[in-house]
Amino acid sequence: MGRILIVDDNKGVCSLLKEIFTMEGHYARTCNEIEKVHEKLENFQPDLSIFDIHIGKCDVLEFTKSLKRLYPQMEIIFMSADDPEECFKGQKFIKKPFDIFKIREYINKILGDKLAV
């Protein structure tokens, strides 16, 4: 199964997603502070990371672009209660509030495609 990092300052969202993905057999970890993401990535090396677009005071899109240079195999999905801004068009995106069955299916499909290669 896959390794998933959930990055969101909402601890409830992190706990829910971690529980859902763990029940699916994935290894899931959470991070509530953007400043600690590098440490989590080094120690965990996820196949997929989910980033809330409003975490911290940084430009999350630029931040994740720099992460992709360091971890090119890692899939990145963005998440927000807001409609995605133009800069997020074409990116993998989850709209909050989300349907837990649909998000589970979506993540399993992405990881299934990624890990099958």
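Predicted model only: the values in this text are computed from it and were never measured.

What counts and what doesn't
Residues numbered from 1 in each chain as written. Predicted model: local features only at pLDDT ≥ 70, side-chain atom pairs only at ≥ 80, totals over all residues. Heavy atoms only, no water. Helix = DSSP H or I, 4+ residues; strand = E, 2+ residues; numbered from the N terminus. Polar contact = N/O pair within 3.5 Å; in protein donor to acceptor, adjacent residues only side chain to side chain. Contact = heavy atoms within 4.5 Å. Buried < 20%, exposed > 50% of the residue type's maximum accessible area, 1.4 Å probe, protein only. Pairing = 2+ DSSP bridges. Axes fitted to C-alpha atoms, helices over the stretch in contact; angles between N-to-C directions. Phe/Tyr/Trp six-rings, centres within 6.5 Å; stacked < 30°, edge-to-face > 60°. Right-handed = clockwise from strand over helix to strand, strands pointing away.

1. Topic: the side chain of Asp52
Piece 1. In this fold, Asp52 is placed in strand E3 (residues 48–52).
Piece 2. Polar contacts involving the side chain of Asp52 include one to the main-chain amide nitrogen of Ile55, which spans 3.5 Å.
Piece 3. Polar contacts involving the side chain of Asp52 include one to the side chain of Lys96, which spans 2.7 Å.
Piece 4. When residues no more than four places from it in sequence are discounted, the contact partners of Asp52 are Val7, Asp8, Val60, Met79, Ser80 and Lys96.

2. Some details on the environment of Lys40
Piece 1. By the element assignment, Lys40 lies in helix H2 (residues 37–44).
Piece 2. Classification of Lys40 by relative accessible area gives partly exposed; the value is 30%.
Piece 3. Each C-alpha atom of the pair Lys40 and Thr30 lies 8.5 Å from the other, and the pair is 10 residues apart in sequence.
Piece 4. Beyond its immediate stretch of four places on either side in the chain, Lys40 contacts Leu5, Thr30, Cys31 and Gln45.

3. Overview of the sheet that holds strand E1 (residues 3–7)
Hydrogen bonding along the main chain pairs the strands of a sheet, whether they run parallel or antiparallel.
Piece 1. As summarised here, the arrangement of the five strands in space is E2-E1-E3-E4-E5, forming an open sheet in which the pairing is parallel. Of all the strands in the sheet, the pair left with one neighbour each is strand E2 (27–31) and strand E5 (93–95). Recorded for the sheet is a direction-independent mean angle of 20 degrees between the axes of neighbouring strands.
Piece 2. Bridge analysis of E3 against strand E4 (residues 75–80) gives five bridges, and the strand direction is parallel. Residue pairing in the sheet places Phe51 in a bridge with Phe78 of E4.
Piece 3. Against the sheet, helix H1 (residues 11–23) touches E1, E2, E3 and E4, its axis set at about 170 degrees to E2.

4. Section: the packing of aromatic side chains
Piece 1. According to the stated counting rule, one finds one aromatic pair in the structure shown.
Piece 2. Summarising the aromatic geometry, the rings of Phe51 and Phe63 are spaced 6.3 Å apart at their centres and angled 65 degrees between planes, so their arrangement reads as edge-to-face. With Phe51 in strand E3 and Phe63 in helix H3 (residues 60–70), this residue pair connects regions lying 12 residues apart in the sequence.
Piece 3. A residue is classified by how much of its surface remains accessible, and Phe63, at 16% relative accessible area, is buried.

5. Comments concerning the pairing of E1
Piece 1. Counting buried residues along E1, four of its five residues qualify, which places the element largely inside the surrounding structure.
Piece 2. Sheet topology places E1 next to E2; five bridges connect them, and they run parallel. The residue bridging Arg3 from the neighbouring strand is Tyr27, located in E2.
Piece 3. A crossover connection joins E1 to the parallel E2 through H1; in handedness this β-α-β unit is right-handed.
Piece 4. Where E1 lies against E3, four bridges are found, and the strand directions are parallel. Along E3, the bridge assignment pairs Val7 with Phe51.

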